Amino acid sequence: MMSNEAQKVRDTLIERGLETPLLPNQLDRDAKYERIRGLMTEVVSTLGLDLNDDSLAETPHRIAKMYVDEIFAGLDYANFPKMSLIENKMGVEEMVKVKDISVISTCEHHFVTIDGRARVAYIPADKVIGLSKINRIVRFFAQRPQVQERLTQQVLVALQTLLETDNVAVSIEATHYCVKSRGIMDANSTTETTALGGIFKTNATTRNEFLN
Ligand SMILES: Nc1nc2c(ncn2[C@@H]2O[C@H](COP(=O)(O)OP(=O)(O)OP(=O)(O)O)[C@@H](O)[C@H]2O)c(=O)[nH]1
Ligand SMILES: [Zn+2]
C-alpha cells in the first residue's frame, strides 16, 4: 500500500522521466524472495561452491532477504518513509541545509556498493519538512539499484514535490566500488553529482552558499 505522498512522488518522477526503469507487473514481496532464493541457489552452486557447507547453506536465503528487504527495499513505494510536513508558520525564508547524510547505495551496472555522502538544501515556501525525513528520502532512493546521477535527481524531485517548491538542491559525493574493487580498481577517485532547482540554478550566490 502506497501513501498519498509516495503516490505523488512516483507520479512526478514518471512525468519527468526520472523513475527507475521498472516492469509494469511486479511480484509481491514473498514471491520475489522465493524466486530470488531459488535463483541464487543456482548462482552459488554454478560457481562451484558446496551449499551443503554450513557456512554457505543459508547464503541464497541471505541474499534474497537482503535484496528484497534491505538494499533494494526502495523499489517498493510501500516502503516510502512516512512524512511530517508542517505549515511554515514561523515564516522561514532562509536556506535549510542538511550535510553529511550517509548514502549507501548499489550500482545498477554491477550490483556492488556505492558509498558516499549527500548534502541537501531547500528554501521553504509554505511547507517545512521534519529534518530526519530528508535523510529518510535519501535512503529510500539509495535502496535501489542506481546510477548516482539518477539518485541525485530523484531526491531533488521528491523533495520539490513534497515541499511544493522548486528551490531545492542536492549533491552527492561517493565512492563506487565497481570502480574501486574491480574493473579499473582505482582506490581513490570519488564522483560528485549535483541537481539544482529554482533559485539554486538561477542565482550564483544561492548556489555558492549551498556548495560551500
Ligand atoms: N554515469 C555513471 N556511470 C556509472 C555509475 N556507476 C557505475 N558506472 C559506470 O558504468 C559503466 C559500465 O560500463 P561497461 O563498459 O558496460 O561495464 P564494464 O565492462 O564492467 O566496465 P568497467 O567498469 O570499465 O570495467 C562503467 O564505466 C562504470 O564505471 C554511475 O553511478 N553513474
Ligand atoms: Zn558499477
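Residue indices begin from 1 for each chain and proceed along its sequence in written order. Whichever chain is written first is A, and whichever ligand is written first is 1; the rest continue in order. Reporting of local features is limited, given that this is a predicted model, to residues whose pLDDT is at least 70; pairs of side-chain atoms are given and counted only at 80 or more, and all residues count toward the totals for whole chains, interfaces and linings.

What about the site of ligand 1?
Nearness between a residue and a molecule or strand is assessed with a C-beta atom placed from the backbone; a distance within 6 Å qualifies. Near ligand 1 the following residues occur: C107, H109, V147, Q148, E149, H176, C178, V179, G183 and I184. Listing elements by their share of the shell around ligand 1, those giving two or more residues are helix 5 (148-163) and helix 6 (177-180). Amino acids outside the nonpolar list (Ala, Val, Leu, Ile, Met, Phe, Trp, Tyr, Cys, Pro) and the charged list (Asp, Glu, Lys, Arg) are all regarded as polar, and Gly is one of them. Of the residues in the shell around ligand 1, the class split is five nonpolar, four polar and one charged. Numbered from the N terminus, helices here are DSSP runs of H or I no shorter than four residues, and strands are runs of E no shorter than two.

Digging into the UniProt feature "domain: GTP cyclohydrolase I" (unreviewed entry) in the protein chain
UniProt positions are given in the numbering used here, feature names are shortened, and annotations may be inferred rather than shown by experiment. Sequence positions flagged by UniProt for "domain: GTP cyclohydrolase I" (unreviewed entry) are, in local numbering, residues 40-211. The straight-line gap between the two end C-alpha atoms of residues 40-211 is 43 Å; of that span, 37% is helix and 26% is strand.

Points about the nonpolar core
A set of buried Ala, Val, Leu, Ile, Met, Phe, Trp, Tyr and Cys residues, joined to one another through C-beta atoms within 7 Å, is what we call a nonpolar core. Our exposure labels follow a C-beta count within 10 Å of each residue's own C-beta, placed from the backbone: buried means 20 or more other C-beta atoms, exposed means 12 or fewer, and partly exposed covers the counts in between. The biggest cluster of nonpolar side chains holds 34 residues, and the ones touching the most others in it are V120, I137, V138, V155, L159 and V170. When residues of this core are traced back to their parent elements, those giving at least two are helix 1 (4-15), strand 2 (96-107), strand 3 (113-122), helix 4 (131-142), helix 5, strand 6 (168-176) and strand 7 (191-196). It is helix 5 that provides the largest number of residues to this core, a total of eight residues. For V120, the contacting residues outside a window of four places in its chain are V98, I101, I134, V138, V155, L159 and V170. Contacts here follow a simple rule: the backbone-placed C-beta atoms of the two residues must lie within 7 Å.

Concerning the packing of helix 2 (residues 29-46) against helix 3 (residues 59-71)
Lines fitted to the C-alpha atoms define the axes, with helices restricted to the stretch that makes contact. Angles between their N-to-C directions range from 0 to 180 degrees. Remark: helix 2 packs on helix 3, axes separated minimally by 8 Å, with the N-to-C direction vectors making an angle of 135°. Of the possible angle classes, the one that applies to helix 2 and helix 3 is oblique. Between helix 2 and helix 3 the crossing geometry is right-handed. Residue-level inspection shows R29, K32, Y33, I36, R37, M40, T41 and V44 of helix 2 in contact with helix 3, the latter providing T59, P60, H61, I63, A64, K65, Y67 and V68. Its residues placed into classes, the contact of helix 2 with helix 3 shows nine nonpolar, three polar and four charged. Relative orientations are named as follows: roughly parallel for angles under 35 degrees, roughly antiparallel for angles over 145 degrees, roughly perpendicular for angles from 65 to 115 degrees, and oblique for any other angle. In this scheme the handedness of a crossing depends on how the near helix is turned from the far one: anticlockwise by less than a right angle means left-handed, clockwise means right-handed.

Brief notes about the sheet that holds strand 2
One requirement defines pairing of two strands: DSSP has to find at least two bridges between them. On the basis of which strands lie adjacent, the open sheet formed by five strands has the order 5-2-3-6-7 and mixed pairing. Either end of the sheet is taken by a strand with one partner, and the two such strands are strand 5 (145-146) and strand 7. Direction of pairing for strand 2 relative to strand 3: antiparallel, over a ladder of nine bridges. Considered in strand 3, the bridge of V96 is made with Y122.

Side note on the UniProt feature "binding site: Zn(2+)" (unreviewed entry) in the protein chain
Per the UniProt record, the feature "binding site: Zn(2+)" (unreviewed entry) sits at C107, H110 and C178. A maximum C-alpha distance of 7.4 Å places the annotated residues, which cover 72 residues in sequence, within one compact spot. Mapped onto the elements of the fold, H110 is located in the loop between strand 2 and strand 3. By secondary structure assignment, the location of C178 is in helix 6.

Brief notes about the domain arrangement of the protein chain
Interface size is commonly expressed as the accessible surface area that is lost when the partners come together. As annotated, the domain borders come from an automatic or database domain assignment. Partitioning the protein chain into domains gives domain 1 (29-75) and domain 2 (83-211). Tallied by class, the residues present in the side of domain 1 that touches domain 2 amount to four nonpolar, one polar and no charged.

Let's talk about helix 4
For a helix, the expected span equals 1.5 Å multiplied by the residue count minus one. Counted at 1.5 Å a residue, the expected span for helix 4 with its twelve residues is 16 Å, and the 17 Å between its end C-alpha atoms agrees. Looking at helix 4, one finds that the buried residues are I134, I137, V138, R139, F140, F141 and A142. Looking at the packing, one finds that the buried side of helix 4 touches strand 2, strand 3, strand 4 (127-129), strand 5 and helix 5.

Here we look at the packing of helix 4 against helix 5
In contact at an axis separation of 9 Å, helix 4 and helix 5 are set at 135° when each is read in the N-to-C sense. In this view, helix 4 runs oblique relative to helix 5, as classed from their interaxial angle. In this structure, the crossing between helix 4 and helix 5 has a hand that is right-handed. Residues I137, V138, F141 and A142 of helix 4 touch helix 5, and the partners they reach there are L151, Q154, V155, A158 and L159. Classifying every residue of the contact of helix 4 with helix 5 by side-chain character gives eight nonpolar, one polar and no charged.

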